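Chains, contacts and geometry: an overview
Here's the letter readout for the chains.
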Amino acid sequence: MTGHVTALLLADLVTGREVRTSLPGPLGLPGGHPVRIHGRSLALDLPADMPPARAVALNSAWAERDGVSVGRNGEVGFSTPASLAMRSELPDFPGTVHARDIPELRSRLPDLRDRLRRAQAAPAGHR
């Protein structure tokens, strides 16, 4: 589904059609936001009663509830519980990373996911 939706979005962008969608981190903002893309222009497409500062504040609050905070300088921090959970499985996992480091860290997560799934599927006492 994601590939199909991405192909449709790209086709619209190439033909110059106006597109209204949601994107993660548009204009460098934390979280996902509804946007309007037309030609080479991208703008937030928020409801009239939603100021951009409020949308950013909501996204930041939701991320913090998930154990993540994103600083203005691109640093991603993890809450104590999130850091402890990650370090219990990946002892060298940093407590704070820069956004540019996420691809390298992300490359390690599929192996962790697979290992955790195998451990969860093993009968009690056979791990």
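Here the structure is shown first, and the text comes after it.
Here is what the cut-offs are and how they apply
- Residues numbered from 1 in each chain as written.
- Predicted model: local features only at pLDDT ≥ 70, side-chain atom pairs only at ≥ 80, totals over all residues.
- Heavy atoms only, no water.
- Helix = DSSP H or I, 4+ residues; strand = E, 2+ residues; numbered from the N terminus.
- Contact = heavy atoms within 4.5 Å.
- Pairing = 2+ DSSP bridges.
- Axes fitted to C-alpha atoms, helices over the stretch in contact; angles between N-to-C directions.
- Buried < 20%, exposed > 50% of the residue type's maximum accessible area, 1.4 Å probe, protein only.

**Overview of the side chain of D12**
Along the chain, the position of D12 falls in helix α1 (residues 2–15). The contact partners of D12, leaving out residues within four places of it in the chain, are R17 and V19.

**With respect to the sheet that holds strand β1 (residues 19–24)**
Whether parallel or antiparallel, the strands of a sheet pair through hydrogen bonds between backbone atoms. Reading across the sheet, the three strands line up as β1-β2-β3 and stay open at both edges, with antiparallel pairing between neighbours. One side of each edge strand has no neighbouring strand; the edge strands of this open sheet are β1 and β3 (41–44). For this sheet, the mean inter-axis angle between neighbouring strands, taken without regard to orientation, is 40°. Sheet analysis places strand β2 (residues 32–38) next to β3, joined by four bridges and oriented antiparallel. Its bridge partner being in β3, R36 is matched across the sheet by A43. Each of β1 and β2 is contacted by α1, which is oriented at about 125° to β1, the strand it contacts most.

**What to know about the environment of A48**
Residue placement: A48 occurs in the loop between β3 and α2 (52–65). As a C-alpha pair, A48 and P34 span 14 residues in sequence and 12 Å in three-dimensional space.

**Examining the sheet that holds strand β5 (residues 75–78)**
Pairing within the open sheet is antiparallel, and its three strands lie in the order β4-β5-β6. Each edge of the sheet is formed by a strand with only one pairing partner; in this case those strands are β4 (68–70) and β6 (96–98). The mean angle between the axes of side-by-side strands here comes to 20°, regardless of whether they run parallel or antiparallel. Both β5 and β6 contribute to a ladder of three bridges, which runs antiparallel. Each bridged residue has a counterpart across the sheet, and for G77 the counterpart in β6 is T96.

**Focus on the pairing of β2**
With burial as the criterion, only one face of β2 is covered, namely that bearing H33, V35 and I37; the residues G32, P34, R36 and H38 on the opposite face remain uncovered. Across six bridges, the pairing between β1 and β2 is antiparallel. Bridge pairing links R20 to R36 in β2. Joining the antiparallel neighbours β2 and β3 is a turn of two residues, in which G39 adopts a positive phi near 60°.

Note that all results are geometric; they support no functional claim without further evidence.
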